[in-house]
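Breakdown of the fold
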Amino acid sequence: MTHVTPARKQSGTSLYGGTSSRRITVRDIAAAKERGEKWPMLTAYDAMTASVFDQAGIPVLLVGDSMGNCHLGYESTVPVTMDEIALLSAAVVRGTRRPLVVGDLPFGSYQEGPVQALRNATRLVKEAGVGAVKLEGGERSADQIELLVQSGIPVMAHIGLTPQSVNAYGGYPVQGRGEEAAQQLLRDAKAVQDAGAFAVVLELVPAELAAEVTRSLHIPTVGIGAGPDCDGQVLVWTDMAGMTDGRVPRFVKQYAQLRQGLGDAARAFAEDVVGGAYPAEEHSFH
C-alpha cells in the first residue's frame, strides 16, 4: 500500500499540506478564514531552510526583521536594513515554489509616511519577488497600508508588541492589558482591516483579547504569544527548531534541538580530522 504523509491527506485547497503547485496568494488566505482553517507560518532567511519548510507544507514564510537577532548578530531588529531584507527575501523566494513569501519592512523604511512605504515595498516586490509585505503599527500605519494596497501590494499588519519599538517600550512587555490598552488594540485591529490589510499579526497579547480580535475581524489573525484562538500561528524558526542559544520566550514550543545536534556533528567532524579518520579511503580520489 502506498504511504501517504499526513500533509498529503488534506484537501488540495487547504493551506497546510495542500497539493497545489502554484504560489499561495492572499485570496487563499482569505478562503482559509472563511473555512475556519488554522494554518502555520514560519520565518525563513535563506534558500535552503526555506526549501525545507516548503517541502514540509508550510504555506506562508515570513522573511522577518527577526533576522537581526537570530541571523545577523544584532541585539534587536532595529538595525536591519532594506538591503538586508531584500537580499534574504530574494533567497527565500528562489528556494521555494508554493509558499506565500512575506517580506518585512524594517525600522525606518515606512515611518516617514505612505510614499516612503510604497517606495520600499515596491522594491521588495520588484527586486525580491515577495508576494506581500509586513509592517508594524495599527492606527498610526493605516495610511501606509491603504496606499500600498491601493497600489497592488498586499499587506500583513502587525500590532500588539511591535519589536521595532523596543526602545520606546523599554523591553518586550505584553500588550493590551487593562481596559484602555485593550480598546486601543481593538481600534488598531479595525484600522488595519479597514485600510485593506489581508491579515494581522498579534504579538504578545492576552489570549482572551486575541480571541476577541479574531472574532471581530473578517481578515485572519496570526498569533505569536497570543493564545490558541488566532487563525494562524507563527514562530521564529530558530526558536521553533531549538537553534536559539539560551532562554526562549514563554510562548515558544521547541520541536527539535538542532543547536545541540549541529554542535555534535561539528565536534565529530573535528575529532575525525584531528585523529586522522577523515578523509578515509572512500572519500579520496586516485
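Residues numbered from 1 in each chain as written. Predicted model: local features only at pLDDT ≥ 70, side-chain atom pairs only at ≥ 80, totals over all residues. Heavy atoms only, no water.

Once that is clear, we can look at the overall build of the protein. A count of helical and extended segments in the protein gives twelve helices and eight strands. Its C-alpha atoms give the protein a radius of gyration of 20 Å, near enough to 19 Å, the size a compact globule of 286 residues would have. The principal-axis extents of the C-alpha atoms in the protein amount to approximately 70 × 50 × 35 Å. Within the protein, the fraction of its 286 residues that count as buried is 49%. For the protein, contacts bridging at least 24 residues in sequence account for 56% of all contacts bridging at least 6. When the 25 positive and 32 negative side-chain charges of the protein are each reduced to one mean point, those points stand 6 Å apart. (Helix = DSSP H or I, 4+ residues; strand = E, 2+ residues; numbered from the N terminus. Rg over C-alpha atoms; globule rule 2.2 N^0.38 Å. Buried < 20%, exposed > 50% of the residue type's maximum accessible area, 1.4 Å probe, protein only. Contact = heavy atoms within 4.5 Å. Lys, Arg positive; Asp, Glu negative; His and termini not counted. Charge placed at Lys NZ, Arg CZ, Asp CG, Glu CD.)

Quick look at a nonpolar patch on the surface now. Taken together, the side chains of Phe269, Val273 and Tyr278 define a hydrophobic patch exposed on the protein surface, amounting to about 280 Å² of accessible area. You can see Phe269 is positioned in helix α12 (residues 258-275). Given a relative accessible area of 48%, Phe269 falls into the partly exposed group. (Patch = residues over 30% accessible without salt bridge, like charges linked within 9 Å, V, L, I, M, F, W, Y side chains within 5 Å. Areas by Shrake-Rupley, 256 points an atom, 1.4 Å probe, with all protein chains shown as cover. Salt bridge = Lys/Arg side-chain N within 4 Å of Asp/Glu carboxyl O.)

Attention now moves to the packing of aromatic side chains. A full pass over the atoms with the stated rule returns two aromatic pairs. For the ring pair Phe53 and Trp237, a centre distance of 5.9 Å and an interplane angle of 65° mean the geometry is edge-to-face. Residue Phe53 is found in helix α3 (residues 47-55), and its partner Trp237 is found in helix α11 (residues 237-240); the two are separated by 184 residues along the sequence. Each member of the pair, Phe53 together with Trp237, is buried. Each ring, one from Phe269 and one from Tyr278, has its centre 6.0 Å from the other, and the planes form 65°; the classification is edge-to-face. (Phe/Tyr/Trp six-rings, centres within 6.5 Å; stacked < 30°, edge-to-face > 60°.)

Spatially, the eight strands close up into a barrel ordered β1-β2-β3-β4-β5-β6-β7-β8, and their pairing is parallel. Strand-to-strand twist of the sheet, defined as the mean angle between neighbouring strand axes without regard to direction, takes the value 25°. Where strand β2 (residues 60-63) and strand β3 (residues 100-104) come together, four bridges link them in parallel fashion. Within β3, the residue paired with Leu61 across the bridge is Val101. Sheet strands touched by helix α9 (residues 179-195): β5 (155-160) and β6 (199-203). Its angle to β5, the strand with the most contacts, is close to 175°. (Pairing = 2+ DSSP bridges. Axes fitted to C-alpha atoms, helices over the stretch in contact; angles between N-to-C directions.)

Below, the discussion takes up the pairing of β3. With five of five residues buried, β3 is to be regarded as a mostly interior element. Across the two faces of β3 the burial is the same, with Leu100, Val102 and Asp104 and Val101 and Gly103 all buried. Looking at chain direction, β3 and strand β4 (residues 132-136) are connected through three bridges and run parallel. Bridge pairing links Val102 to Ala132 in β4. This β-α-β element, β3 to helix α6 (residues 114-128) to β4, shows right-handed connectivity. (Right-handed = clockwise from strand over helix to strand, strands pointing away.)

Our next topic: the pattern of salt bridges. Under the definition given, this model contains eight salt bridges. A salt bridge links Arg259 to Asp245; the shortest N-O distance between them is 3.7 Å. Here Arg259 is found in helix α12, whereas its partner Asp245 is found in the loop between α11 and α12, with 14 residues between them in sequence. Salt bridges linked by common partners bring Asp83, Arg123 and Glu127 together as one network.

Moving on: the environment of Thr19. Inspection of the secondary structure assignment puts Thr19 in the loop between α1 (6-9) and α2 (26-35). Residue Thr19 is classed as partly exposed on the basis of its relative accessible area, which comes to 48%. When the C-alpha atoms of Thr19 and Leu118 are compared, they prove to be 33 Å apart, with 99 residues separating the residues in sequence.

In this section: the environment of Val252. Topologically, Val252 is positioned in the loop between α11 and α12. A residue is classified by how much of its surface remains accessible, and Val252, at 12% relative accessible area, is buried. Excluding residues within four positions of it along the chain, Val252 makes contact with Leu235, Asp239 and Met240.

A few words on α3. If you check which residues of α3 are buried, you get Thr49, Ala50, Ser51, Phe53 and Asp54. Looking at the buried side of α3, the elements it contacts are β1 (39-43), β2, α5 (82-94) and α11. The N-terminus of α3 is capped by Asp46, whose side-chain oxygen sits 3.1 Å from the backbone nitrogen of Met48. Gly57 occupies a position one or two residues after α3 and carries a positive phi of about 95°. (Polar contact = N/O pair within 3.5 Å; in protein donor to acceptor, adjacent residues only side chain to side chain.)

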